[in-house]
Structure formats: structure tokens, C-alpha cells
Amino acid sequence: MTGRTIDIHAHVVLEAAFGAAGRFGPELADDDQGVPFFRIGSWVMPRMPYRGSLFMDAGKRLAEMDRWGIDLQLVSPNPLTLFHGIPAAEAIHFCQVHNDAMAELVRAHPGRLLGGAALPMQDVDAAMTELERAVGSLGLSAPYIGTDLGYELDDARLDDFYRALVGLDVPLFLHPAHTGGDGPPADHRLGRFDLSLLLGYAYDETIAVAALVLGGVLQRHPDVDICISHGGGAIAFLAERFEFACRTRPWAPEFTRGDGFLAELRKLWFDSHVDGEAALESLVRTVGHDRLVFGTNFGGWDSGGRHARDRFVQSLTPNAERLLRIAPST
């Protein structure tokens, strides 16, 4: 099999966006010992050497993409800077600056990079305005937002936003974040052993799936395409438990009775960035092959997985082309 490989899960850190959220940063600097740190609001993370890495150096990114065999990559905001928990004015300004810089990066590397748009989801009207600008004027491919907006993903205030996605014919990508932008994770127990990454992300992704399915988002908006990071967290492991609950619990929506939960689940999209063959096999068995796209968390602590020229990975290319609304490779 010799087709192109498309990676839809890759983050970028943009120089132009430093300080764009006012007192919330983000800030990248060195401490008194010369150790680089990254600051989001009051949260300071040591040993974050973004500058000079592939997160900020496009040449290094493209070289690594070539080494991995990745032909096209959707680059998206750093999850640490989704900023859904800060005041709207600072978030709006940050997203505007970030999206301008993202569009500039993508224009500089046509055919290799696509751009994900940051949105100020604490103000849905402002988010829709920025969505229209990011897609219509800047040429970005899709919005890329967090799983915790400060309200639920099935909240009625998002119905116009989901309609806007369909009207613009773009998908939505969801990825969890450590923080809303003004401090460390709210649950102090996640502060040890990298649990905010190992467990916190999967927790948020699974809640997002539950809200979208059980909250009826896909019933109200059957044409919307939503992709959840990391295989939807723990949903493949828990799907049968959810399905059983929908058959037996009084709160279960009527459309989830019988095999309705799985039917709704399979309307979502998921990236393949899960760890291990058993997890991937479970994900494919649960959600199906045709709703899966290749993702790497490129450059991240857990980037990796199957080689980009792997037959299974390349079999996901038509899915990514369909999701991203791009012409099939020849």
C-alpha cells in the first residue's frame, strides 16, 4: 500500500502567542538556574524546553515528519493554552493572535501542514465569530477545543455552534487540558505520578463522549462531525457498561435503548493514539474502522505507536480525508 499518511493529532507552540492572554501568559522563559519554564496563569511548569524543539521549529517538525513517513499533519493548539477558564476578553484576544500565527505557519508550508483553530468557548457568540474568521478568512481547517468548557458539551447554548460547524462544513476536534488556564488541575490527587496525563485526560475524554451521546447532541445535529482524542479515553473499555446502563437505568434516553448507545457512539470520530495493541484492537472493535483516524501526539511525551507507513495506518487515510474535507490522494 503506497498512499499518503495523515496525522491529525499534533500540537504546536507559537512564538507570536506568548503574552497574548495578558496576565495568564503564556510565558516561556528561563529561571535563575537557566532551566526553561512555561507559565500559564499562576501555574509554572519547569523543564519545558519548547523553544528550539519541533513544537516551535517548523524545519525540525518537517524533518521528523519525513523520518516518520508523515505526509500531511493537522497542527493544533497546545492543550495547556486552550484557555476556556479565563475571562472572555483575554481568551478572545489570545485566540485571534494564535489563529493569525497558525494561518501564517500553514501558509508557509502548503501541502504539509493544516491548521486547527483556537476558540474562546466561554463566550459562544465570540467563538462562532472567531470560527467564521478562522475558517473563512484565515483558511484554517477545523476548530480545536477542550473537553471541559465550564459547561457541558450537550448544553443548549452550543446548539448554534454545532449548526455553525455544519454550515461551514468543518469537523470539530476535542482534546482535554490540564487546566482552564489559571492554575494546576482542580483535583489535587492528579498532581502526582503524571496522573493528570495518565488518568485525567482519559477521564475528561470519556465524560465528553458521554455528554455527546447521552445528551443527544448527535440526535439534534446528525450532520456534525466530532473527533475525540486518544480513542475517546476509556470509552472502548466501558462501552458495554454504558450500553447495559442504557437498557436498565430510568434516566437513559429512549434513543439509547437496545443497541442505541453503540449506534450513537459510532457516529463520533476517534483518533488512534492509544497505547498498545490490545487498546487499539478494543477501540476498533468498539467504534469500527471507518470512524478512526491516525494520530501521534507528535513530539509529545507519548508520541509514537505504529509506523506511519504501516498498512493499518495507511488504511485510515481515506477516513482522515473524509473528516478533513480534503481531496483523496492519488
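Look a little higher up for the structure.
Thresholds, definitions, all that
Residues numbered from 1 in each chain as written. Predicted model: local features only at pLDDT ≥ 70, side-chain atom pairs only at ≥ 80, totals over all residues. Heavy atoms only, no water. Helix = DSSP H or I, 4+ residues; strand = E, 2+ residues; numbered from the N terminus. Rg over C-alpha atoms; globule rule 2.2 N^0.38 Å. Buried < 20%, exposed > 50% of the residue type's maximum accessible area, 1.4 Å probe, protein only. Pairing = 2+ DSSP bridges. Contact = heavy atoms within 4.5 Å. Axes fitted to C-alpha atoms, helices over the stretch in contact; angles between N-to-C directions.

Asks: Break down the overall build of the protein for me, citing the residues and quoting the values.
Replies: Counting secondary structure elements, the protein contains 11 helices and 11 strands. Whereas a compact globule of 330 residues would reach a radius of gyration of roughly 20 Å, the protein reaches 19 Å, a difference of no more than 12%. With the C-alpha coordinates aligned to their principal axes, the bounding extent of the protein is approximately 60 × 45 × 40 Å. Per-residue burial for the protein yields a buried fraction of 56% across its 330 residues.

Asks: Kindly report on the sheet that holds strand β9 (residues 226-228), identifying the contributing residues and their values.
Replies: The 8 strands lie next to each other as β1-β5-β6-β7-β8-β9-β10-β11, forming an open sheet whose pairing is parallel. What marks the edges here is a single partner per strand, and that holds for β1 (6-12) and β11 (292-293). Along the sheet, helix α5 (residues 195-214) makes contact with β8 (172-174), β9 and β10 (269-271), crossing β9 at roughly 155°. In the packing of helix α11 (residues 317-324) onto the sheet, contacts are made with β1, β5 (72-77), β6 (113-117), β8, β9, β10 and β11, and the angle to β1 comes to roughly 60°.

Asks: Requested: an account of the sheet that holds strand β4 (residues 43-46), with residues and values cited.
Replies: If you trace the 3 strands from one edge of the open sheet to the other, you get β2-β3-β4, paired in antiparallel fashion. Looking at the sheet topology across the chains shown, the edges are occupied by β2 (27-30) and β4. The mean angle between the axes of side-by-side strands here comes to 25°, regardless of whether they run parallel or antiparallel. Where strand β3 (residues 36-40) and β4 come together, 4 bridges link them in antiparallel fashion. When the bridges of β4 are listed, Arg 39 appears paired with Val 44.

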